[in-house]
Amino acid sequence: MQPTSSTLFRFAGLLLFPLVFGSSLSAQVDLDKGLVGYWPFDSSGVNESPNLLPRTDFSFFNGASFSYGIEDNVTPHRALHFNDSSYVRLEQGIRSSALSFSLWFSCDDARGGTLLAWDQKGYGAAISSGGKVHAYVHLSSNNRYDFVYNDKNLADGEWHNLIVSFDGSEFRVYIDGTGVHRSSEYGRNKYLYYEGNGLNLGGIPTAVDKRYYTGRIDELLIYNRALTQHEINIIAGKGRVAADKDLETGLMVYLPFKNEDGNKSPNKVEATEIEGANGVFSTSCLKTAASDKMKFFNGGGEYLFGGPLLAFPRFTLSFHLHTTSSQTGHVVGWNSSGYQVTINPPGNPGRLAVRLWVSPTEYYSCLSLKNLNDGVCHHVLISFDGEFFKVFIDGQSEAEDGRHGPQRSVFYEGKKFLIGEESRTGSSLGFLGKIGEVYLYCRSLSRQEIEALRSYSGAPGNGLPVARIYKSKISSNAAFIAISNPATQSKRIIVSSNKSKMEPWVRKMLPGEHFQGRINDDGGMSDFKVDIK
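Starting afresh in each chain, residues are numbered from 1 along the sequence in its written order. For this predicted model, a pLDDT threshold of at least 70 governs which residues receive local features, and a threshold of 80 or more governs which side-chain atom pairs are given and counted, while totals over whole chains, interfaces and linings are taken from all residues. The basis for every side-chain value is the complete set of heavy atoms in the structure, and neither hydrogens nor water enter the calculation.

### A look at the overall build of the protein
Segments assigned H or I by DSSP are reported as helices when at least four residues long, segments assigned E as strands when at least two residues long, and all are numbered from the N terminus. In terms of helices and strands, the protein carries two helices and 37 strands. Across the 533 residues of the protein, 57% fall into the buried class. Whether two residues are in contact is decided by their heavy atoms, any of which lying within 4.5 Å being enough. When contacts within the protein are restricted to residue pairs at least 6 apart in sequence, long-range pairs at least 24 apart make up 66% of them. Summed over all atoms, the accessible surface of the protein reaches about 21,200 Å², with 47% contributed by carbon and sulfur. The buried label applies to any residue whose accessible area, calculated with a 1.4 Å probe on protein chains only, is under 20% of its type's maximum; exposed applies above 50%, and partly exposed to all values in between. Per-residue and other accessible areas follow the Shrake-Rupley method at a 1.4 Å probe size, with only the shown protein chains counted as cover for residues.

### Some remarks on the sheet that holds strand 15 (residues 199-201)
Pairing in this open sheet of seven strands is antiparallel, and the strands run 3-6-15-8-9-10-11 from one edge to the other. Looking at strand neighbours, the two that pair on one side only are strand 3 (59-61) and strand 11 (144-149), the edges of this open sheet. The mean inter-strand angle of the sheet, taken between neighbouring strand axes irrespective of direction, is 15°. Across three bridges, strand 6 (residues 87-90) lies against strand 15 in antiparallel orientation. Looking across to strand 15, one finds that Leu90 is bridged to Leu199. The pairing criterion is simple: DSSP has to find at least two bridges between the two strands. An axis is simply a line fitted to the C-alpha atoms; with a helix, the fit covers only the stretch in contact. Between two such axes, the angle follows the N-to-C directions and lies from 0 to 180 degrees.

### Considerations on the pattern of salt bridges
What makes a salt bridge here is a side-chain nitrogen of Lys or Arg within 4 Å of a carboxyl oxygen of Asp or Glu, nothing more. Scanning the model with the defined rule gives eleven salt bridges in all. Here Asp84 and Arg111 are joined by a salt bridge, their closest N and O atoms 3.6 Å apart. Of this pair, Asp84 sits in the loop between strand 5 (78-83) and strand 6 while Arg111 sits in the loop between strand 7 (99-106) and strand 8 (113-118); the two residues are 27 residues apart in sequence, bridging distant segments of the chain. You can call Arg111 exposed: its relative accessible area is 55%. In this structure, Arg403 and Asp401 form a salt bridge, with 2.6 Å as the shortest nitrogen-oxygen distance. Take Asp401: its relative accessible area is 14%, and that puts it in the buried class. What you see here is one network of salt bridges that share partners, running through Asp84, Asp109 and Arg111.

### Observations concerning the pairing of strand 6
What you see with strand 6 is no split at all: Tyr87 and Arg89 on one side and Val88 and Leu90 on the other are buried throughout. Two elements, strand 3 and strand 6, share three bridges in a ladder whose sense is antiparallel. The residue of strand 6 that forms the bridge with Phe60 is Val88.

### Regarding the confidence of the model for the protein
In this model, the protein carries a mean pLDDT of 79, and residues with pLDDT of at least 70 account for 75%. Contacts for the low-pLDDT stretch residues 238-245, under 50 throughout, to residues beyond four places or in other chains number 40 contacts. Low confidence marks residues 458-465, where pLDDT is under 50. Its contacts with residues over four positions away, or in another chain, come to 27 contacts. The predictor reports its confidence for every residue as pLDDT, a score running from 0 up to 100.

### Comments concerning the environment of Val391
Positionally, Val391 belongs in strand 28 (residues 389-393). What makes Val391 buried here is its relative accessible area of 1%. In sequence terms Val391 and Val354 are 37 residues apart; their C-alpha atoms lie 8.2 Å from each other. Ignoring any residue separated from it by four or fewer positions in sequence, one finds Val391 in contact with Val354, Cys366, Leu381, Ile382, Gln396, Ser397, Glu398 and Ala399.

### A word on the state of the cysteines
In this description, the term disulfide denotes a pair of cysteine sulfurs within 2.5 Å. In total, this model carries one disulfide according to the counting rule given. Here Cys285 pairs with Cys377 through a disulfide, and the sulfurs are 2.0 Å apart. With Cys285 in the loop between strand 19 (280-283) and strand 20 (293-298) and Cys377 in the loop between strand 26 (363-367) and strand 27 (378-384), this pair connects stretches of sequence that are 92 residues apart. When its relative accessible area of 19% is taken as the criterion, Cys377 is described as buried.

### Re unusual backbone geometry
With a phi close to 60°, Asn62 is a non-glycine residue in the positive phi region. Tracing the sequence through the fold places Asn62 in the loop between strand 3 and strand 4 (65-68). Note on Asn62: relative accessible area 48%, which makes it partly exposed. Positive phi, close to 55°, is recorded for Asp394, a residue that is not glycine.

### A closer look at the environment of Phe166
Inspection of the secondary structure assignment puts Phe166 in strand 12 (residues 159-166). Filtering out sequence-adjacent residues up to four positions away, Phe166 remains in contact with Ser97, Ala98, Leu99, Val137, Leu139, Tyr145, Phe171, Lys190, Tyr191, Leu192 and Ala226.

### Focus on the side chain of Asn47
With respect to the secondary-structure elements, Asn47 resides in the loop between strand 2 (35-39) and strand 3. The definition of a polar contact used here is a pair of N or O atoms within 3.5 Å, where within protein one atom must be able to donate a hydrogen and the other to accept one, and adjacent residues in sequence count solely through side-chain atom pairs. For Asn47, the side chain forms a polar contact with the main-chain oxygen of Val36, separated by 3.2 Å.

Shown next as structure tokens:
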């Protein structure tokens, strides 16, 4: 029997932790989910989160430099070094109503100083006199959760991990993986409160006393959700988070249209929510089960929209459409420049027109060869990697153009990402038909990923496939797997490698079942294949 789904994954980095798992657990481990900021500080201040948002890179001030990181002098894994007058700063800090942040610090200066802090109010942590760790989150201008850990002097020159988490109800603090504080005194359904814009490490330049820190900081993580105890155990085990190059990496919007418009992306952030203006649901053109839906637009005023934080410099957009109308309609794109997809453009009934701007006067364009208003379900994918503009329809290349040169970004004038209508000029550009399975990435997908996405998204409602593997710090012949069965029936999951001598890992899994545990490896595995039979 041939596998119904086969995907080849390559992982570029390591997640290291001192835990061994040998039995099935109920919770899925996914350390990419909700990760909106990851700075390993290996000689840069660049956000390496798979959920990368624009303008999230640190700037360096007053001699902030690099030193040895948590991995015991292993180059190139570095850490930030602060010298009692230096700091690094995000001009626009990452805001979220729920939050977790994790960082490693090494300090032997009893004066302490700021580890992480907003210019004014938000969330943060510091070391106070005597090596006491102070963590806090603000709920309003006057109320905040606040905790000082004074059981041990942590300005001892050793590496320590600090994790702070808030889920809207409970504030938690962890030192080296151990919970040292939890409080829910302000009740449920609370949100973090912010004043000021900048997020700083090593000092607060807007404060009177600056509160500068002397020491090192490494592996900063910021999540837009609370972490579970198990996830905290992994991160606090001297872990390095590495983005997996799979179909979840960089996925900012996923709309399966199961009777609602909500973003189901595993990388969901509040600013990427999709809102609706009327519209109904209709049976999917891909499947006939009652639960498989597409969004139906009436061609005269119904649309969905998202905010300006979806304006990525590089992107991939994928969706299915079904129409029999000859009415000109805005299918998906921006209300001004950016990129726009139109069906039935004037003088070309049935054709799909795509245009993408890289400056006010430079743009790429594509007019489909085939007619797409034939009542057949068509898959459309558009991708831009900073140089090449690519369009695929039903898996076939319609355009691949790099005429404007490398290192370009999409040029946006508009403020709305729209599905179903352009809205700027009214119902004359309303789309009449159905749209389903919308995926929007903040990165360009490879051709292999494009093929995998087209194949996968042809089966609405399965949910994103999950298959991850991480190397273990326990020994050279151990690895950690986190995997689930995305199908609606029992499947046999087989994990194998062409580059190592590992025996295939095989497990029969029920629909939706999750598994995480240890598998054996000969120490050389860098590629693995997951077959679902």
